Amino acid sequence: MNLEKNKKSIFEQVHKACVAANRLEENVKVVAVTKHVDISTASALLDIGIKHLAENRVDKFLEKYEALKDRDVTWHLIGSLQRRKVKDVINHVDYFHALDSLNLAKEIQKRAAHPINCFLQVNISGEESKHGFSPDEVNLVLPQIAELDKIRLVGLMTIAPLDADSETIHNIFEQAAQLRQELQRQDRKNMPFTELSMGMSNDYEIAIQHGATFVRIGTSFFK
Ligand SMILES: *Cc1c(COP(=O)(O)O)cnc(C)c1O
């Protein structure tokens, strides 16, 4: 594994995708997903200038966080969160990407010491195995989330199906982008909806084309 080389290659792809989409590179944050590597590898990523780290499980998040909390890191929790674990983790998280139910939002409201930056997870493809609100559910749930002052909805997060062809992936990311725009226009309190968390190792170039502001990349860093 050559972290430096992999990082360079990822940032080159991001650069190219931004140029092609006529977007500013500073508006696309590369989030390194460290779920398959140990603390020393995560630490090595920080040494080469990575600022955003993500984990999808609470135990692994806390392990990395405890070890590296004195470094300059923006912390992302990207996986589904069980309600009983909210209190252990939520106040250490800079961005939570997987808000997928009203009950979870209520639990965060109860446990958070300050407003938490959250992404609503949307399931555009309708895959049963995927978490997240359908686009229709989003509009129903927003008025209720609006009552919760510890939830700050910064944007939408979505995951394209693993086996989807490129046309389907384009479609899904474009729908997420349209929905985000619509929600931003609603201009609700505590719901800026400026961000789009989408794109993983296999599809981040496509995601950037459709306006992703956070790409979540694991495998490509560690191959
Ligand atoms: C693992 C994971 C990623 C990173 O996936 P890669 O294909 O390894 O880049 C991104 N988002 C979520 C939610 C994940 O669980």
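Labelled according to an unreviewed UniProt entry, the protein appears under the name Pyridoxal phosphate homeostasis protein, originating from Streptococcus pseudoporcinus LQ 940-04. One UniProt comment on the protein, placed under Function (unreviewed entry), says "Pyridoxal 5'-phosphate (PLP)-binding protein, which is involved in PLP homeostasis." Under the heading Sequence similarities (unreviewed entry), UniProt records this for the protein: "Belongs to the pyridoxal phosphate-binding protein YggS/PROSC family."

Novice: So what's going on with the overall build of the protein? Residues and values would help.
Specialist: Along its length, the protein carries eight helices and eight strands. Relative to its length of 223 residues, the protein is compact, with a C-alpha radius of gyration of 17 Å against a globular reference of 17 Å. Projected onto its principal axes, the C-alpha positions of the protein cover 45 × 40 × 30 Å. By residue count, 49% of the 223 residues in the protein fall in the buried class.

Novice: Tell me about the side chain of His76, and name the residues and values.
Specialist: You can see His76 is positioned in strand E3 (residues 74-77). Since its relative accessible area comes to 0%, His76 is described here as buried. A polar contact of 2.8 Å, which involves the side chain of His76, links it to the side chain of His97. Not counting residues within four places of it along the chain, the set of residues in contact with His76 comprises Val31, His52, Leu53, Ala54, Glu55, Phe61, Tyr95, His97 and Phe214.

Novice: Can you explain the site of the ligand? Please cite residues and give values.
Specialist: Around the ligand, the structure places Val33, Lys35, Asn56, Ile78, Ile159, Met200, Ser201, Arg216, Ile217, Gly218 and Thr219. Contacts to the ligand include Arg216, whose side-chain N or O atom sits 2.9 Å from a nitrogen atom. Contact with the protein chains hides 86% of the accessible area of the ligand, taken as 390 Å² for the molecule alone. Grouping the amino acids of the shell around the ligand by side-chain chemistry returns five nonpolar, four polar and two charged.

Quick notes on the rules
- Sequence order sets the numbering: in each chain, residues are counted from 1 along the sequence as written.
- Per-residue local features of the predicted model are confined to residues with pLDDT of at least 70, and side-chain atom pairs are confined, for both listing and counting, to 80 or more; whole-chain, interface and lining totals are unaffected and use all residues.
- Based on all heavy atoms of the structure, the side-chain values leave hydrogens and waters out of the count.
- UniProt positions are given in the numbering used here, feature names are shortened, and annotations may be inferred rather than shown by experiment.
- The helix and strand labels rest on DSSP assignments: H or I over at least four residues marks a helix, E over at least two residues marks a strand, and numbering proceeds from the N terminus.
- Each radius of gyration reported is based on C-alpha atoms, and the globular scaling rule is 2.2 Å times the count of residues to the power 0.38.
- Burial classification: accessible surface area is computed with a 1.4 Å probe over protein chains only, and a residue below 20% of its type maximum counts as buried, one above 50% as exposed, and the rest as partly exposed.
- We define a polar contact as two N or O atoms separated by no more than 3.5 Å, with the added condition that, inside protein, one atom must be a possible hydrogen donor and the other a possible acceptor, whereas residues neighbouring each other in sequence contribute only through side-chain atom pairs.
- By definition, residues are in contact when any of their heavy atoms lie within 4.5 Å.
- Nearness of a residue to a molecule or strand requires only that one of the residue's heavy atoms be within 4 Å of it.
- Method for areas: the Shrake-Rupley scheme with a 1.4 Å probe, in which residue coverage is limited to the protein chains shown.
- Gly falls in the polar group here, along with every residue not listed as nonpolar (Ala, Val, Leu, Ile, Met, Phe, Trp, Tyr, Cys, Pro) or charged (Asp, Glu, Lys, Arg).

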